[in-house]
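Coordinates in review
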Amino acid sequence: MLLCIREELSIYHFTSKLEISKNTFLTDLKKLEQRLEDYHLEVSYSRQEGYHLVGSEYAKREMMITSIRGILKIPKGKDTIMDICQISEEMMEQVEKQISMIEERLQVRFTDERLKELPLIMCLTIIRTQKGEFFENFQRHFKHIAGTKEYSVMLEFAKDMGSPGRLRNCF
């Protein structure tokens, strides 16, 4: 929820959406804070902004991908992510179609495992971009990929998804 919800998050948001008690939330929050240390991230709270993650966008996306992979291992993991992150079936179908086109353009075949996680990763990346969350210092860290075939295919993906100008700091 911290990575994808577009509004300030209170304890109420977590307890109602996850159907847990306040005490369970606070216990789980402490466990989460310990796990986030590996990514150099932390959870912060203020009355104006609610709960939110503090740290680099790169670390947040790295943690997001790891979390998606873990959640997909549980029954109904995909449905859980789509529900909590408010990913519509329409958006998921559009991204899945785009991934098929990417496979064709790059003449590659993703494994079944990657085909399960990539649509969710891409949807959450789009959601984060729509929230205004971009990589800091993208040019310096990733300029070596700018001229590749893969990068140009991702430019097309971003254009089809409605955010071509934001791609440079998006993916």
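Structural data are supplied above this passage.
A brief report on the enclosed structure follows. (Residues numbered from 1 in each chain as written. Predicted model: local features only at pLDDT ≥ 70, side-chain atom pairs only at ≥ 80, totals over all residues. Heavy atoms only, no water.)

**Notes on the nonpolar core**
Put simply, the test is: Residues enter a nonpolar core if they are buried and are Ala, Val, Leu, Ile, Met, Phe, Trp, Tyr or Cys, with the set joined through side-chain atoms within 4.5 Å. In this scheme, a residue with accessible area under 20% of its type's maximum is buried, one over 50% is exposed, and one in between is partly exposed, where area comes from a 1.4 Å probe on protein chains only. A run of H or I in DSSP becomes a helix once it reaches four residues, and a run of E becomes a strand once it reaches two; helices and strands are each numbered from the N terminus. In this analysis, two residues are considered to be in contact whenever any of their non-hydrogen atoms come within 4.5 Å of each other.
With 41 residues, the main nonpolar core has Ile87, Val95 and Leu124 as its most contacted residues. Of all elements in the fold, only α2 (22-36), β2 (50-54), α3 (57-71), α4 (77-84), α5 (89-106), α6 (112-130) and α8 (149-160) reach the threshold of two or more residues within this core. In terms of residue count, the dominant contributor to this core is α6 (8 residues). Setting aside residues no more than four positions away along its own chain, Ile87 makes contact with Ile81, Met82, Met92, Leu120, Cys123, Leu124 and Ile127.

**Things to note about the packing of α3 against α6**
Rule in force here: Comment: axis = line fitted to C-alpha atoms, over the contacting stretch for helices; angle = value between 0 and 180 degrees taken between N-to-C directions. For a crossing to be left-handed, the near helix must be turned anticlockwise from the far one by less than a right angle; the clockwise case is right-handed. Ten residue types, Ala, Val, Leu, Ile, Met, Phe, Trp, Tyr, Cys and Pro, are classed as nonpolar, four, Asp, Glu, Lys and Arg, as charged, and the remainder, Gly among them, as polar.
Across the interface, α3 lies against α6 with an axial gap of 10 Å and an inter-helix angle of 145°. At the point where α3 passes α6, the crossing takes the right-handed sense. Seen from α3, the contacting residues are Glu57, Lys60, Arg61, Met64, Ile65, Ile68 and Arg69; seen from α6, they are Arg114, Glu117, Leu120, Ile121, Leu124, Thr125, Arg128 and Thr129. Considered class by class, the residues forming the contact of α3 with α6 number 6 nonpolar, 2 polar and 7 charged.

**Focus: the layout of surface pockets**
As a reminder, the rule being used: Both cavities and pockets are sets of points on a 1 Å grid over the protein atoms alone; in a cavity a 1.4 Å probe fits but cannot get out, in a pocket the set is open with protein on both sides within 12 Å along at least five of seven lines, and lining residues sit with an atom within 4 Å of a point. Grid points are joined across faces, edges and corners, and a volume is the space filled by probe spheres set on the points.
In this model, the largest pocket occupies a volume close to 1000 Å³. Forming the boundary of the largest pocket are 31 residues, of which Met1, Leu32, Met63, Ser67 and Ile71 lie nearest the centre. Where the lining of the largest pocket is concerned, the elements lending two or more residues are α1 (11-18), α2, β2, α3 and α4. Of the residues contributing to the lining of the largest pocket, the split by class is 24 nonpolar, 4 polar and 3 charged.

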